[in-house]
Amino acid sequence: MIDKKIENYTPFHEILSENSRYIVKTVSDGEELRKILELRHTVYYKELLNTEHFLKLDVDKFDFRCDHLAVIDKKSGQFVGTYRLNSSLFNDKFYSATEFHLDKIEQLEGVKLEIGRACVHPDFRNAITISMLWKGMLEYMMKTETRWLFGCSSIKTTDSLEAALLYKHFHKEGSKMFPDIVRPKKIHKIPGFDQYLEKYIFSDPESDMENNIEKLVPPLLNFYIKAGAKICGEPAVDWDFKCIDFLTLLDVSTVSERLQRKFG
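Residues numbered from 1 in each chain as written. Predicted model: local features only at pLDDT ≥ 70, side-chain atom pairs only at ≥ 80, totals over all residues. Heavy atoms only, no water.

### Concerning the overall build of the chain
Basically, it comes down to this: Starting at the N terminus, helices and strands are each numbered in turn, a helix being any DSSP run of H or I of at least four residues and a strand any DSSP run of E of at least two. We take the radius of gyration over the C-alpha atoms and set the globule estimate at 2.2 Å times the residue count to the 0.38 power. Buried, partly exposed and exposed residues are distinguished by accessible area as a fraction of the type maximum, computed with a 1.4 Å probe on protein chains only: under 20%, between the cut-offs, and over 50%, respectively. Contact criterion: two residues are considered in contact whenever any of their non-hydrogen atoms come within 4.5 Å of each other. Per-residue and other accessible areas were derived by the Shrake-Rupley procedure at a 1.4 Å probe size, with only the shown protein chains allowed to occlude residues. Charged residues are defined here as Lys and Arg on the positive side and Asp and Glu on the negative side; His and the ends of the chain fall outside this count. Where a charge lies is defined by one atom per residue type: Lys uses NZ, Arg uses CZ, Asp uses CG and Glu uses CD.
Looking only at helices and strands, the chain has 9 helices and 11 strands in total. Relative to the 2.2 N^0.38 estimate, which gives 18 Å for 264 residues, the radius of gyration of the chain is 18 Å and therefore close to what a compact globule would have. When the backbone C-alpha atoms are referred to their principal axes, the chain occupies close to 55 × 45 × 35 Å. Of all 264 residues assigned to the chain, the portion counted as buried reaches 52%. Restricting the contact set of the chain to residue pairs at least 6 apart, pairs at least 24 apart contribute 76%. Of the roughly 13,200 Å² that the chain leaves accessible, carbon and sulfur atoms contribute 51%. Of the charged side chains in the chain, 38 are positive and 41 negative, and the gap between their average positions amounts to 2 Å.

In structure tokens, the structure reads:
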């Protein structure tokens, strides 16, 4: 069944760009989609979870009704980076809605693009690969006239105290927050989060743990924030991938000119 769905895959929108080393494009067919799902399996299952899926693929129901951005190494032909692109132009179901109540996001006017399943092969984690992913995504956003970019930004912890301290860290810098736009669904609510938040949100002076909590924030989430994205509320826990997810939202019209010059 899965093999048939992969074989029959077709994209909604296509983009293509390249430099001397890489090609960035949307996946064109089932053969290319399989290479992306294999790449995600390498990163999400083998590297992060130290296990394997019986299909040797990272795949879910959303993959067959989304576009997929791919970075391809010209020398080897290897698929080395990806984003999953889920646009409101062709879909009204979003992966983020499996973890969060998205009512206020879904009501925003304009084209919305959910991004997710971002990963880069460990041998190709460099600034050029990341730049190509963002160049491709910005080209896709321009082609689809996207106004809002959103998705789950993962942090590798399931510790309730660390989750509360991370929320406090974002909350203190109000420019990084859209508080209470979303809330996690019951099954993804972090156990003890409210109790820890009540204890630490107004604590003074700050503990060493609070001062060091920023180190948990991954570079990709920091990049989103620098681009103008904001955290939309408390995080949800993803039990499958052993992490917490913050829902982030970017108004594309506010992306800085510096980033537009760099990637666009």
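### Some thoughts on the pairing of strand 2 (residues 22-26)
Rules: Two strands qualify as a pair provided that DSSP identifies no fewer than 2 bridges between them.
Burial within strand 2 is extensive, with 4 of its 5 residues counted as buried. Note that strand 1 (residues 16-18) and strand 2 share 3 bridges and pair antiparallel. Counterpart to Leu16 in the pairing with strand 2 is Lys25. Linking strand 1 back to strand 2 in an antiparallel pair, the connection comprises 3 residues. Direction of pairing for strand 2 relative to strand 3 (residues 67-73): antiparallel, over a ladder of 5 bridges. Within strand 3, the position partnered with Val24 by the bridge is Val71.

### Some words on the state of the cysteines
To keep it simple, the criterion reads: Note on terminology: disulfide denotes any pair of cysteine sulfur atoms within 2.5 Å.
Inspection of every chain in the model, using the stated rule, returns 0 disulfides. With no disulfide partner, Cys66 has as its closest neighbouring cysteine sulfur the one in Cys152, 13 Å distant. According to the relative accessible area criterion, Cys66 is buried, its value standing at 0%. With no disulfide partner, Cys232 has as its closest neighbouring cysteine sulfur the one in Cys152, 10 Å distant.

### Looking at helix 5 (residues 160-172)
In plain terms, the rule: The span one expects for a helix is its residue count, reduced by one, times 1.5 Å.
Compared with the 18 Å implied by 1.5 Å per residue over 13 residues, the 18 Å span of helix 5 between its first and last C-alpha is a close match. Here helix 5 lies mainly inside the structure; 10 of its 13 residues are buried. Listing the buried residues of helix 5 in full gives Ser160, Leu161, Ala163, Ala164, Leu165, Leu166, Tyr167, Lys168, His169 and Phe170.

### A short note on the pattern of salt bridges
Basically, it comes down to this: By convention in these notes, a salt bridge is any Lys or Arg side-chain nitrogen within 4 Å of a carboxyl oxygen on Asp or Glu.
For the coordinates displayed, the defined rule picks out 15 salt bridges. With its nearest N and O atoms 3.8 Å apart, the salt bridge here joins Glu52 to Lys46. You can call Glu52 partly exposed: its relative accessible area is 43%. The salt bridge involving Arg117 is made with Asp58; its shortest N-O contact spans 2.8 Å. Taken together, the positions of Arg117 in strand 6 (residues 111-120) and Asp58 in the loop between helix 2 (30-49) and strand 3 put the pair 59 residues apart, joining distant regions of the chain.

### A few points about the nonpolar core
Cut-off, in case you're wondering: The term nonpolar core refers to a set of buried residues drawn from Ala, Val, Leu, Ile, Met, Phe, Trp, Tyr and Cys, joined through side-chain atoms within 4.5 Å.
Among the nonpolar cores identified, the biggest contains 48 residues, and Tyr83, Met137 and Leu149 are the most heavily contacted of them. When residues no more than four places from it in sequence are discounted, the contact partners of Tyr83 are Asp67, His68, Leu69, Ile115, Gly116, Arg117, Ala118, Leu133, Trp134, Met137, Leu220 and Tyr224. Counting residues in hydrophobic clusters, the runner-up holds 13 residues, among them Phe94, Ala97, Phe150 and Ala236.

### A closer look at the side chain of Arg40
Selection criterion: Between N or O atoms, a polar contact is any pair within 3.5 Å; within protein, one atom must be a potential hydrogen donor and the other a potential acceptor, and residues adjacent in sequence are included only when both atoms are from side chains.
Structurally, Arg40 is set in helix 2. Within polar-contact distance, the side chain of Arg40 engages the side chain of Asp63 at 2.9 Å.

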